[in-house]
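Structure assessment
Each chain, letter by letter, is given below.
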Amino acid sequence: PLTSAPPPAAPRARPRLVFRTQLAHGSPTGKIEGFTNVRELYAKIAEAFGIAPTEILFCTLNSHKVDMQKLLGGQIGLEDFIFAHVRGETKEVEVTKTEDALGLTITDNGAGYAFIKRIKEGSIINRIQAVCVGDSIEAINDHSIVGCRHYEVAKMLRELPKSQPFTLRLVQPKRAFDMIGQRSRSSKCPVEAKVTSGRETLRLRSGGAATVEEVPSEFEEEASRRVDDLLESYMGIRDPELASTMVDTSKKTASVQEFARRLDSVLGEFAFPDEFVVEVWAAIGEAREACG
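Report follows, based on the coordinates. Per-chain numbering applies: the sequence of each chain, read as written, is numbered from 1 onward. It should be noted that, the model being predicted, local features are given only for residues of pLDDT at least 70 and side-chain atom pairs only at 80 or more, the latter also being counted only at that level, while totals for whole chains, interfaces and linings use all residues. As a rule here, side-chain values cover all heavy atoms of the structure and leave hydrogens and water aside.

Overview of the overall build of the protein chain
Helix and strand assignments come from DSSP, with helices taken as H or I runs of at least 4 residues and strands as E runs of at least 2, each series counted from the N terminus. Within the protein chain, the secondary structure is distributed over six helices and twelve strands. Residue burial in the protein chain is summarised as follows: out of 292 residues, 45% are buried. Considering only contacts within the protein chain whose residues lie at least 6 apart along the sequence, 64% involve residues at least 24 apart. Whether a residue is buried, partly exposed or exposed follows from its accessible area with a 1.4 Å probe, protein chains only, as a fraction of its type maximum: under 20%, in between, or over 50%, in that order. Residue contacts follow a heavy-atom distance rule, with two residues in contact if any of their heavy atoms lie within 4.5 Å.

And the structure:
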């Protein structure tokens, strides 16, 4: 009799990645899965709590506080607990630019909101008590900037004329009772804390699917940190996902010219100046030497 061939072995399915989440100001715990980028992540969190995705300003990992060292960037450890910070009060502040720099570092949440990641000690903004780390910038002089990327917002603020007052409309995250009164600013940037607990992380990308990857190597961590520092000093933004994309791009290139060409094709909208690209290439090289 004919014996039928055994059925082909099914490919081993990855375990479903389910993450626990809460609203930072307090809520029951929800569970979310099946997202590949930050916008989809926000949509899943919003669905779990019955709110609109546009209510979410940003997320932190493993802390409900407005802690910029725990900010969700492009990586989520498979054991990480996600806290979503949602819109609280709106406030307007008038600022007069008495010097070139305002002292703000801007980052963006990957879904249309730019917010304040750092306020420099002794700067113009530092003297305005109402402005806090974690505030989302909604409008400059009544001109809505929702949907603008962080580098565009940083450029608009840099280009505002001196000695002419302007208005910032800010939205602060809703705070839990134990967070009231925190101003949470840090002048110097300690190394962005590694919040991943497992050996693997889910890497989110603004384009393309999310992938489960090993935790970044010592070289990748160090190089990304140096590139992030350069982004801050040149452009007034911090963006660990952008920094690690630039480090990834450098791995496939043998010369600074080739690196510049590749950056242009991958990240053309940033229009990085040549001297900045040269410094990034040098910083990545130094990180490689430092890590052996």
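Still more ground to cover, so stick around.
Examining the pairing of strand β3 (residues 56-61)
For β3, a buried count of six out of six residues is recorded, marking the element as mostly surrounded by other parts of the structure. As defined by bridge partners, β3 adjoins strand β5 (residues 81-96) across five bridges and the pair is classed as antiparallel. Of the residues in β5, the one forming a bridge with Thr-60 is Phe-83. Paired strands are those between which DSSP finds at least two bridges.

As for the nonpolar core
To define a nonpolar core, start from buried Ala, Val, Leu, Ile, Met, Phe, Trp, Tyr and Cys residues and group those joined through side-chain atoms within 4.5 Å. Formed by 75 residues in total, the largest nonpolar core has its most connected members in Ile-82, Ile-137, Leu-157, Leu-168 and Phe-272. Each residue touching Phe-272, except ones within four places of it in the same chain, is listed here: Leu-231, Met-235, Leu-242, Met-246, Leu-263, Leu-267 and Val-277.

Topic: the packing of helix α3 (residues 218-235) against helix α4 (residues 240-251)
For helices, the fitted axis covers only the stretch in contact; all axes are lines through C-alpha atoms, and the angles between them, taken along N-to-C directions, range from 0 to 180 degrees. In contact at an axis separation of 8 Å, α3 and α4 are set at 120° when each is read in the N-to-C sense. It follows that α3 is oblique to α4 by the angle criterion. The element α3 and its partner α4 pack so that their crossing is right-handed. Contacts between α3 and α4 involve Phe-219, Glu-220, Ala-223, Ser-224, Val-227, Asp-228 and Leu-231 from the former and Pro-240, Leu-242, Ala-243, Ser-244, Met-246, Val-247 and Lys-251 from the latter. Residue polarity is assigned by list, with Asp, Glu, Lys and Arg as charged and Ala, Val, Leu, Ile, Met, Phe, Trp, Tyr, Cys and Pro as nonpolar; anything else, Gly included, falls into the polar class. A breakdown of the residues in the contact of α3 with α4 according to their chemical character gives nine nonpolar, two polar and three charged. Should an angle fall under 35 degrees it is taken as roughly parallel, and over 145 as roughly antiparallel, whereas 65 to 115 is taken as roughly perpendicular and any remaining angle as oblique. The hand of a helix crossing depends on one turn: near helix anticlockwise from the far one by less than a right angle means left-handed, and clockwise means right-handed.

Looking at the packing of aromatic side chains
Aromatic ring pairs are defined here through the distance separating the ring centres and the angle between the ring planes. Side-chain rings of Phe, Tyr and Trp (the six-membered ring for Trp) are treated as a pair once their centres are within 6.5 Å; stacked means planes under 30 degrees apart, edge-to-face means over 60, and tilted covers the remaining angles. On inspection of all chains with the given rule, the structure shows eight aromatic pairs. Ring geometry for Phe-58 versus Phe-115: centroids 4.7 Å apart, planes at 20°, classification stacked. With a gap of 57 residues between them, Phe-58 in strand β3 and Phe-115 in strand β7 (residues 114-119) connect regions that are remote in the sequence. Take Phe-115: its relative accessible area is 1%, and that puts it in the buried class. Measuring from ring centre to ring centre gives 5.3 Å for Phe-259 and Trp-281, while their planes differ by 40°; the resulting arrangement is tilted. Here the residue Phe-259 occupies a position in helix α5 (residues 256-267), and Trp-281 occupies one in helix α6 (residues 274-290), the gap between them amounting to 22 residues.

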